[in-house]
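Close look at the chain arrangement
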Amino acid sequence: MAAYPEDIQYTKDHEWIRVQGDTGIIGITDFAQEQLGDVVHVQLPKVGEKFSARDTFGEVESVKTFSELFTPVTGEVTAVNEALADSPELVNSSPYNDGWMIKIRLNDPGEVDGLLSSTEYEDFVESQKEE
Amino acid sequence: MPNTQLRKTALNEAHRRAGGKMIDFGGWDMPIQYPAGTLEEHLRVRTAAGLFDVSHMGEIEVSGPEALALLQSLTPNDAALLADGQIQYSVLTTPSGTFVDDILIHRFGPDRFFLCVNASNSDKDFAWICDHRAKFDVEVKNCSANYTQIALQGPKSLEILQPMADVDLSAIKYYWFTNGLIDGVPAIIARTGYTGEDGFELYFDPDESERIWEKILEAGKPSGLLPCGLAARNTLRLEAKMALYGNDIDDTTTVLEADLGRICKFNKGDFIGRDHLLAQKQSGLTRKLVGFEMIDKGIARDHYPILVEGREAGIVTSGSPAPFLKKNIGLAYLPIESTGIGTHFEIDVRGRKLAAQVVKTPFYQRSK
């Protein structure tokens, strides 16, 4: 069963963001990693790159398939998870913590309000499964 | 909700109970992976053992005084070389020397043969054989529903299975089989597989499926045996450069282009497609299936375009990370002048042109 922590916001593209002050930590959801299967490579941007909400910021590759990564918010990358270069499997084993992907300085903290809550995202995932 | 249109093997419930991730695999509801995940399943088969449900595969029996003659006319390999209990990799060829299917022929007796064929092709194969049997005194039966087929693969397969078998499994050589009992259940015990490892493929009564499946899993637990899904089966067969029908071979690729000249026995007599294949052999191939390895960081996936000197020159027929080799590998048909080992070319990976090179195959070969 996929997990849906309540301290983060979600997107319909299966990313999550955890806001701490003016910084958002971004990764992919437990449901997303389950769908991908074993992650073997994560392509991340460089620190200092700027993105608008819903831009592609990278790519995740599993044994079976790949998926683009979309940033939920507008801002500048302040850190990337270097550990994923050698241990991409962290995305599978710890999608909401050790498997985080980038930190981004938020242009507009209000953007986060438009994202999904834990229960809204869980409902969305369930509706996807039924299709 | 499971799609009720999908076909199910007798082990469907067992896969679901074990947490198998089920997908529509050519119309069959099959486990793509179990909770351990594809990487772990793949590595277990290389280092210990894995158990696969491959009951979706088809089985066709050809028997009668002219069974051999019919098979000789349908396939390029020389089935007359088979002894009782021996197995041969072969092909049902079209008149143009391409693939109806690739198959395994098991010889039960001089006038009785058992074919293992691809799941998605079994009805087509059966119809093909029936369409070409008129001149022959044979009986052809599609007995796919009569068998559960499971594959126990990996270096520990023998030690796991032996205590359950009433025959000496070590006496069965690679590509031979015997009829025996597995935990009291009559089974065809074949030393074959689609992983590049030692192992056994077992064919038996579907009613005994769950009991035998669970029993083998239980017996193998101390050895590290895991149930494995079809994703691991695919990465394993790719490392071993075993062709997959629908990807690497089909009715547009000839047996010679698929680099299977070793199974084209032109001296055995006529067979469907012989003239075309012989002409192709004499005039020389224009393309051939080769194995490649990525040089640049990136994964070539099925169907990605191949570029030779900047021009599109084919597609990747199978591309994937190779979990045991820890490389990104694949198969592709390349223009014959580009098929030499070490030849560099490019693959269009979602708009990025990444370097790859032709390498020696199989990518992986077990130590014997």
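The coordinates are above.
Residues numbered from 1 in each chain as written. Chains lettered and ligands numbered in written order. Predicted model: local features only at pLDDT ≥ 70, side-chain atom pairs only at ≥ 80, totals over all residues.

All right, on to the overall build of chain B then. Secondary structure assignment for chain B yields eight helices and 19 strands. Rg of the C-alpha trace for chain B: 21 Å, near the compact-globule value of 21 Å for 368 residues, within the 12% margin. For the C-alpha atoms alone, the extent of chain B along its principal axes is close to 60 × 50 × 45 Å. Scored against the burial criterion, the 368 residues of chain B give a buried share of 46%. Excluding contacts between residues fewer than 6 apart, the proportion of contacts in chain B whose partners are at least 24 apart in sequence is 66%. (Helix = DSSP H or I, 4+ residues; strand = E, 2+ residues; numbered from the N terminus. Rg over C-alpha atoms; globule rule 2.2 N^0.38 Å. Buried ≥ 20, exposed ≤ 12 C-beta atoms within 10 Å, placed from the backbone. Contact = placed C-beta atoms within 7 Å.)

Right, let's talk about the packing of helix α2 (residues 38-47) of chain B against helix α7 (residues 230-239) of chain B for a bit. All names here are of chain B. Closest axis-to-axis distance for the α2/α7 pair is 9 Å, and the angle between their directions is 55°. With respect to α7, the axis of α2 lies oblique. The hand of the α2/α7 crossing is right-handed. Facing α2, whose interface residues are Thr-38, Glu-41, His-42 and Val-45, α7 presents Ala-231, Ala-232, Thr-235 and Leu-236. Looking at the contact of α2 with α7 residue by residue, the classes come out as four nonpolar, three polar and one charged. (Axes fitted to C-alpha atoms, helices over the stretch in contact; angles between N-to-C directions. Parallel < 35°, antiparallel > 145°, perpendicular 65-115°, else oblique. Left-handed = near helix turned anticlockwise from the far one by under 90°. Nonpolar A, V, L, I, M, F, W, Y, C, P; charged D, E, K, R; others polar.)

With that out of the way, let us pick up the interface of chain A and chain B. Between chain A and chain B, the residue contacts involve seven residues of the former and 10 residues of the latter. Looking at the side of chain A that touches chain B residue by residue, the class counts come to two nonpolar, two polar and three charged.

What follows concerns the environment of Tyr-4 of chain A. Residue and element names in this part refer to chain A. Turning to its location among the elements, Tyr-4 is positioned in the segment before β1 (9-10). The class of Tyr-4 is buried, set by 21 C-beta atoms lying within 10 Å. As a C-alpha pair, Tyr-4 and Thr-29 span 25 residues in sequence and 8.0 Å in three-dimensional space. Setting aside residues up to four positions removed in sequence, Tyr-4 forms contacts with Ser-118, Tyr-121 and Glu-122.

With that settled, consider helix α4 (residues 122-131) of chain B. Residues and elements named next belong to chain B. Along α4, the residues that are buried comprise Ser-122, Asp-125, Phe-126 and Ile-129. Buried residues in α4, looked at end-on, bunch into an arc of 100°, giving them a common side. In α4, the exposed positions that point more than 90 degrees away from the buried face belong to Ala-127 and Asp-131. Those residues of α4 that are buried are in contact with β4 (58-63), α3 (67-74), β5 (87-93), β6 (99-109), β7 (112-117) and β8 (139-142). (Arc of directions from axis to C-beta.)

Residues and elements named next belong to chain B. Note that strand β10 (residues 177-182) and strand β11 (residues 185-190) share six bridges and pair antiparallel. Note on β11: the bridge partner recorded for Gly-180 is Ala-187. The antiparallel hairpin formed by β10 and β11 contains two residues in its connecting segment, where Asp-183 sits at a positive phi of about 50°. Pairing of β11 with strand β12 (residues 199-204), which is carried by four bridges, proceeds in the antiparallel orientation. Bridge pairing links Ala-190 to Glu-201 in β12. (Pairing = 2+ DSSP bridges.)

The subject of this paragraph is the sheet that holds β1 of chain A. Two orientations exist for strands paired in a sheet by backbone hydrogen bonds: parallel and antiparallel. Residues and elements named next belong to chain A. Spatial ordering of the open sheet is given by β1-β2-β3-β9-β8-β5, a layout of six strands whose pairing is antiparallel. On the outer flanks of this sheet lie β1 and β5 (50-51), each paired with one strand and no other. Pairing analysis gives six bridges linking strand β2 (residues 15-20) to strand β3 (residues 23-28), with the strands arranged antiparallel. Residue pairing for β3: Arg-18 is matched across the bridge by Ile-25.

A separate point is unusual backbone geometry. All names here are of chain B. Put simply, Thr-361 and Pro-362 share a cis peptide bond, and its omega is 0°. Within the fold, Pro-362 resides in the segment after β19 (352-359). Positive phi is not limited to glycine here, since Asp-183 has a value of about 50°. Within the secondary structure, Asp-183 is located in the loop between β10 and β11. Using a count of 17 C-beta atoms within 10 Å as the deciding quantity, one classes Asp-183 as partly exposed.

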